Every structure is written in C-alpha cells, then in structure tokens.
Amino acid sequence: MSSHREAPEISKDPVADSTDVYAFVSPDDPGTVTLISNYIPLEGPAAGPNFYEFGDDVLYQINIDNDGDGLAEVTYNFKFTTTIRNPNTFLYNTGPITDIADTTWNRPQTYSVARTNANGHTTVLATGLTCPPCNIGPLSTPNYSHLANQAHHSLPGGRTVFAGQRAEGFYVDLGAVFDLGDLRPFEQLHAFGHLPQRNGVNSTKQVNVHTIALKVPISDLTAGSPVIGVWATASRQQVKIYDVPSGTNVNTVNSGPFVQVSRLGNPLFNEVLVPMAKKDYWNTQQPKDDAQFADGVDHPELAGLLPILYPAVFPNLAAYAKPRADLDAILLTGIPAGVVSPTYTTFTGSVKADMLRLNTSIPPTTSSPNVLGVLGGDLAGFPNGRRVFDDVFTIELRAIAGATIPLVDPSFSPDGAASVVTDGLTFNNYLPNFPYLGVPYSGYDVPAK
Amino acid sequence: MPLLAEVAASPAATEAATAGGEIPQGFQMSADVVAHVKDLGTGEINLFVGERQIQLNDPALARAIVRATR
C-alpha cells in the first residue's frame, strides 16, 4: 500500500505506523497549506469494544524542510492522553455521544500540539485538545459530522488542527499487485498465468485511519524558496517494561529518548524501492541520509520485473540500462525548472532526500483537478505535494514503467503500456473542506474486515 | 533487562553510586531507572530514565548486575 504495514517491524505496531502523508495548498483557503499524516492502517469500522485511538506512548511529528538540507526546520509535535471515565464498565460509550464533551464517551482522548523551529526551540501551541470518538453507529454516534466538526481546533497564528478517525483516502488494488505483480489491464498477458481480465478491487475500501490534519499559513513553513519538503514520523521511547503488580492493571513504564520507528515522505518509497532487510532501518533514518537508498531509486527492482512478468509488453523499458534520473528527480531532489514547464519546479537542491515536495507558489486546481497530477497535466497535484484524491499508485507505477524517463532522457520512447498501466480504481469519499478526508465508516454499516 | 533498583544493594553498585556523589537520605526517584548491560567486557551500561539515556563504562558495576541475574 502507500506505506501501510510497509516494513516488517512497524507492521506489528499499527499505532505508530504512518500510512499516508498529504501536503497541498488548501483549495478553499489558498493562503494556507494543509498537512495530513495518517496512522493506524486498515481500521475495521466494527472495532468494539476497543475502538482505535492514537498511542499515548507515541510521539507523532510532521516535519518540514525549507532549505533543502533534508533536515527539519519546522516540526509539529503531537502527544496524546487517554482517560477512562468509568473504569468499571467494559463499554467504550455508555449512551449516545452527541457532543465530544459528553461523559457517555468512556475513553476520551486529548492531545497537545507543539512547534519546534530551526533553532530547536519548542513552543507549545495548545494542550487538552479533544479528539472525536470513533464512528460507532447510529445509536452511539448519531451525528458524527457534528462530533468531527467540534474537533476542529483553532491554534495561535491562524492555524487549525484536527486529530481523529477519518475514512481511508488511499486506494489500491493490493490483492492483485502483490499476487506476483498482477496488473489488471494486462493480467491476461502475465507470464505465470493468463487470467481473465477483471476490474480492479479496492483493498482499502471502507476502512478507516487515524488522521492528524494541520492547516497553517504558507509563511509558517517557507523560508525564501516557495518549495518545502514534508515527511511524517512516529517515535517511541527506547525501553518499555510491562510491570504487572498483583491484583491491579498492567503498568507500563516507558524510559529513554524517543527513537524514530516510522517515517513517510513520498508514497510507496519504502514499500517498493527499499529492500526488505532495510525497510525498518529506513524508518529510523533522516531524509538527509537517503543517498544510501538511492540505488533502489536509480535501479528499481520493479522496473526490472515488469518486462519479465509481462513478456513483450515493456521491450523499451527492458532495454533501458541507465540509472533512473527521472525517479531520482521526482523522489529525491525534486524536479528542476524547465523539465515539466519553464516555471514548474519542486527542486530543493542536490541533497538526495525522500520528502514530499510542495511548491507553495503553484495555486490549487479548484476546477476538475486531475487525479494523475502532473502526469495528467495538473501541476497542483502529485508529485507537487499530494492531494487526498491523487492516484499516487498509478502515477508512480507509470513512472517506474518508464513514462517519465523522457523528462530527463528525450532519446527514450516509453512503451505504450507505460501510459495505460493502472490498478483501474477511482475513489471519491472526500470532503471539499478541512480535513478533506471523508467521514469515517461506522461499524453499523460496514462489517469488520 | 534488570531494573537497576534490583541490584542497587550490591556492593559494586553502592561503590559506583558513591563515586558519582552521595544520594541523600530519603531521595525520591522522579522516574523508574532502567539499566541495559550492553557489553560485559567494557562495562558499557546504558541507563534510561525519563526521556534521557546515560551511558556508563563501569566493568565492576556491569559484573555486579550480571552476577545478580545468575
């Protein structure tokens, strides 16, 4: 998936697992940028009695590099606190929750937001901000949108924040893709079996995630250049002890400095371009050190597999032996001016760093945005940042298949298949306004997966 | 991973603590202390307390901690 369960260790720690990162100039408030970081992959909506929540023992961060060094000059820090109102019931809620302050919600979660600047100085912006509960069902959360709206909090400096459950916005035909690279448009041509061609299946349909969304003035993030690099992280303290005093609940003791266990900039980077033995290591690293992973970008394994899995479908890709400077630019340095258009650029310099780069001077596309982003002629979409609806899987798949090589090597002619390869999905459960991701699915409507 | 408090009464541990300065009578720890003996040969011990990590190189203390686990 985008980055859901993308590494062996983090796949066992969903509360700290960053699944998607989005950064875009807010279409309804173009003087601002919206930053979204999702965690907890594949939440089944019917999750009682223990519904999903952020980890009180996890430090969640959204990082911004504004000078191209692959280090954060701005970091937003989020810490959560869960309380139990009535410890003597097994219930998540003891009646309808019609207001996020209702005492019928037995397990409310609050959080703090702090901003760390380039000098390492941290300012607490707010504490005690309330999350909404999970969307349980029509009896427990009869007006979920109202609860979610109550959880939009204003912060000093013209910022707005939300943290809580949302509908999953990423879509992918995961079952087919990881079945030996089955791409539905060509599955009748697959080397291991000629399957009848069928429509794509959205593996993330009707699941939820936990979202941290932050809308801030553009000037809060930039410093000179309009281009910023964005990535999210989650960190845990080095030591955790399960202390089980007799007759009481389990007491956990967390000690030591926070260490980074999850990271996400560009979608699918760790998932597809980093070998399995290095995936959890990659999660601990800073973008400034991503030159160590550049070989996986310059010579992507998937680009070598496509011509093998689909004989005669990708002959030009099969013959292309040069390092993939197109992917290097898209994912590690940003695209210089003059490559896509005279003025379009996401270039941040020579430091190879996996960051989601956003040129904040490019206005949002408010009328008929193209889900293929820059590949579809829409310069306000991925890889210029990432909007919630961008079809990043198809974009990156086509790029790996060779569609973007001519940007840097005009002598190359992409195979015809490179411009049509897709998982064949579209999705439309989004909101036009903050926090842009749709209302989470309730367990009443959707059985657990 | 033994709790440092579990071996605090050992002679070697007392020596090490004394070398770092006396602990006043009635001193209350602000957080649990966790010790990770990483290398018995060099005596490398990492102490975790709150959000801090302190590295010691104390072969005698490392041996005392390991001895307490046997």
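Residues numbered from 1 in each chain as written. Chains lettered and ligands numbered in written order. Predicted model: local features only at pLDDT ≥ 70, side-chain atom pairs only at ≥ 80, totals over all residues.

## Comments concerning the overall build of chain B
Each helix and strand counted, chain B has 3 helices and 3 strands in total. Element order for chain B, N to C, with α for helix and β for strand: α-α-β-β-β-α. Long-range pairs, those at least 24 residues apart, make up 48% of the contacts in chain B with a sequence separation of at least 6. (Helix = DSSP H or I, 4+ residues; strand = E, 2+ residues; numbered from the N terminus. Contact = placed C-beta atoms within 7 Å.)

## Re the overall build of chain A
Broken down by element type, chain A carries 9 helices and 12 strands. Scaling as 2.2 N^0.38, a compact globule of 449 residues should have a C-alpha radius of gyration of about 22 Å, and chain A matches this with 22 Å. Its C-alpha atoms give chain A principal-axis dimensions of roughly 70 × 50 × 45 Å. Within chain A, the proportion of its 449 residues that are buried is 46%. Expressed as a percentage of contacts within chain A between residues at least 6 apart in sequence, the contacts between residues at least 24 apart total 66%. (Rg over C-alpha atoms; globule rule 2.2 N^0.38 Å. Buried ≥ 20, exposed ≤ 12 C-beta atoms within 10 Å, placed from the backbone.)

## Section: helix 9 (residues 392-403) of chain A
Residues and elements named next belong to chain A. Relative to the 16 Å expected for 12 residues at 1.5 Å per residue, helix 9 spans just 14 Å between its end C-alpha atoms, considerably shorter than the ideal helical length. Judged by how many residues are buried, helix 9 sits mostly within the fold: 12 of 12 residues are covered. Inspection of helix 9 places Val392, Phe393, Thr394, Ile395, Glu396, Leu397, Arg398, Ala399, Ile400, Ala401, Gly402 and Ala403 among the buried residues, and these make up the whole buried set. Structurally, helix 9 contributes buried residues whose contacts are with helix 6 (301-309), helix 7 (315-319) and helix 8 (325-333). (Expected span 1.5 Å × (residues − 1).)

## Some details on the confidence of the model for chain B
All names here are of chain B. Taken as a whole, chain B shows an average pLDDT of 78; of its residues, 71% reach a score of 70 or greater. Mean pLDDT values over the elements of chain B span from 40, in helix 1 (residues 4-7), up to 96, in helix 3 (residues 59-68). Considering only residues more than four positions removed or in separate chains, one finds that residues 1-19, a stretch of pLDDT under 50, has 31 contacts. In the model output, the complex is listed with pTM 0.92 alongside ipTM 0.73. (pLDDT = per-residue confidence, 0-100.)

## With respect to the environment of Gln197(A)
Residues and elements named next belong to chain A. Along the polypeptide, Gln197 turns up in the loop between helix 2 (174-177) and strand 9 (208-217). Between the alpha carbons of Gln197 and Ser140 there is a distance of 43 Å; along the sequence they are 57 residues apart. Those residues in contact with Gln197, other than ones at most four positions away along the chain, are Arg184, Glu187 and Gln188.

## Quick word on the sheet that holds strand 2 (residues 44-49) of chain B
Residue and element names in this part refer to chain B. Sheet architecture is open: 3 strands sit in the order 1-2-3, paired in antiparallel fashion. Either end of the sheet is taken by a strand with one partner, and the two such strands are strand 1 (33-39) and strand 3 (52-57). Across the sheet, the mean angle from the axis of one strand to that of its neighbour is 20°, orientation sign disregarded. With respect to the sheet, helix 3 is in contact with strand 1, strand 2 and strand 3, its orientation differing from that of strand 1 by roughly 105°. (Pairing = 2+ DSSP bridges. Axes fitted to C-alpha atoms, helices over the stretch in contact; angles between N-to-C directions.)

## So, the interface of chain A and chain B
Contact residues are listed per partner, giving 9 residues for chain A and 9 residues for chain B. Going through the elements one at a time, strand 10 (227-243) and strand 11 (251-264) of chain A are the ones with two or more residues in the side of chain A that touches chain B. Element by element, the count of residues in the side of chain A that touches chain B is highest for strand 11 of chain A, at 5 residues. The residue makeup of the side of chain A that touches chain B, split by class, is 5 nonpolar, 4 polar and no charged. (Nonpolar A, V, L, I, M, F, W, Y, C, P; charged D, E, K, R; others polar.)

## Remarks on the sheet that holds strand 1 (residues 18-25) of chain A
Residue and element names in this part refer to chain A. Spatially, 1-2-9-8-7 is the arrangement adopted by the 5 strands of the open sheet, whose pairing is antiparallel. One side of each edge strand has no neighbouring strand; the edge strands of this open sheet are strand 1 and strand 7 (153-155). Direction aside, neighbouring strands of the sheet carry axes that sit 20° apart on average. For strand 8 (residues 159-167) and strand 9, the ladder comprises 8 bridges, and the chain directions are antiparallel. Considered in strand 9, the bridge of Phe162 is made with Ala213.

## Description of the pairing of strand 12 (residues 356-359) of chain A
All names here are of chain A. Of the two faces of strand 12, both are covered, the one formed by Leu356 and Leu358 as well as the one formed by Arg357 and Asn359. By the bridge criterion, 4 bridges tie strand 10 to strand 12 in an arrangement that is antiparallel. Within strand 12, the position partnered with Val227 by the bridge is Asn359.

## Considering the environment of Tyr444(A)
All names here are of chain A. Relative to the assigned elements, Tyr444 resides in the segment after helix 9. Given 15 C-beta atoms within 10 Å, Tyr444 falls into the partly exposed group. Separated by 306 residues in the primary sequence, Tyr444 and Pro138 have C-alpha atoms spaced 7.2 Å apart. With residues near it in sequence (within four places) discarded, Tyr444 still touches Gly137 and Pro138.

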